[in-house]
Amino acid sequence: SCYVGDNTDILVMREAFAVIRRKLLSVMALLAKFARAYKGLPTLAYTHLQPAQLTTVGKRATLWLNELYMDLCEVENRMDSLALLGSKGTTGTQASFVELFDGDESKVAAVEERIAKELGFQKVVPVSGQTYSRKVDFFALSALSGIAQSASKFSNDMRLLQN
């Protein structure tokens, strides 16, 4: 079964999200300071890479900050939605645990609840096969992709601002 590997993957994902969250908050604090410092510095804004009208560098920075805020919300949502695989067994039926506890499903549920609690999780996957759904991996990668998109927007804007 994937008891050790998949539960470990979820633990690592949670820890990685915590690091990313901390780093996002740090960058956001720096950007907020930057936005306040340059709130009155005029710059030319662009639309479709064409000169449009005046804005300020601080205003541009608030756009980047808002993008990162959306990313932070997504990271926090992903962290909150993580569920431990738990002790589902080789096919997700917990058959070996049911046998171990002579058919007492309440004991099986209690063991799984205790495992989750010991590992710091409020919930376990309600139904699974041998593994947790790989959609969880997709959701994590999607959150990371969002951060990369924000960084790309920021870097492109910085390139335009240097004009």
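Before reading on, note that the structure itself is shown above.
Residues numbered from 1 in each chain as written. Predicted model: local features only at pLDDT ≥ 70, side-chain atom pairs only at ≥ 80, totals over all residues. Heavy atoms only, no water.

Novice: What am I meant to see in the side chain of Asp6 here?
Specialist: Following the sequence through the fold, Asp6 ends up in helix α1 (residues 3–37). When its relative accessible area of 4% is taken as the criterion, Asp6 is described as buried. Within polar-contact distance, the side chain of Asp6 engages the side chain of Arg134 at 3.2 Å. Ignoring anything within four residues of it in the chain, the contact list for Asp6 reads Leu85, Thr131, Tyr132 and Arg134. (Helix = DSSP H or I, 4+ residues; strand = E, 2+ residues; numbered from the N terminus. Buried < 20%, exposed > 50% of the residue type's maximum accessible area, 1.4 Å probe, protein only. Polar contact = N/O pair within 3.5 Å; in protein donor to acceptor, adjacent residues only side chain to side chain. Contact = heavy atoms within 4.5 Å.)

Novice: How do you make sense of helix α4 (residues 105–118) when you look at a structure like this?
Specialist: For an α-helix, the turn length of 3.6 residues means that residues three or four places apart are oriented alike. Helix length check: α4 (14 residues) gives 20 Å between terminal C-alpha atoms against 20 Å at 1.5 Å per residue, within 8%. In this structure, the buried residues of α4 make contact with α1 and α3 (95–100). One or two positions beyond α4, positive phi appears at Gly120, with a value near 85°. (Expected span 1.5 Å × (residues − 1).)

Novice: Which parts of the structure should I look at to understand the packing of α1 against helix α5 (residues 135–161)?
Specialist: Contact geometry of α1 with α5 gives a least axis separation of 12 Å together with a crossing angle of 20°. The orientation of α1 with respect to α5, classified from their angle, is roughly parallel. Both α1 and α5 take part in a crossing whose hand is left-handed. In this structure, α1 uses Ile10, Met13, Phe17, Ile20, Leu24 and Leu31 to contact α5, whose residues at the interface are Val136, Asp137, Ala140, Ala143, Leu144, Ile147 and Phe154. Looking at side-chain class alone, the contact of α1 with α5 contains twelve nonpolar, no polar and one charged residues. (Axes fitted to C-alpha atoms, helices over the stretch in contact; angles between N-to-C directions. Parallel < 35°, antiparallel > 145°, perpendicular 65-115°, else oblique. Left-handed = near helix turned anticlockwise from the far one by under 90°. Nonpolar A, V, L, I, M, F, W, Y, C, P; charged D, E, K, R; others polar.)

Novice: Teacher, can you tell me more about the pairing of strand β2 (residues 50–56) here?
Specialist: One face of the sheet, then the other: side chains in a regular strand alternate in exactly this way. With five bridges joining them, strand β1 (residues 42–47) and β2 adopt antiparallel strand pairing. Residue pairing across strands places Thr43 opposite Thr55, the latter belonging to β2. Hairpin connection of β1 to β2: two residues between the antiparallel strands, including His48 at a positive phi of 55°. (Pairing = 2+ DSSP bridges.)

Novice: I keep staring at unusual backbone geometry and nothing clicks. Help me out?
Specialist: Leaving glycine out, the prevailing phi sign among residues is negative, and the prevailing peptide bond configuration is trans. Phi angles above zero are rare outside glycine, and Leu49 is one such case at about 65°. Overall, Leu49 belongs to the exposed group, its relative accessible area being 57%. Despite not being glycine, Gln94 has its phi angle at roughly 60°, a positive value. Checked against the element boundaries, Gln94 lands in the loop between α2 (57–81) and α3.

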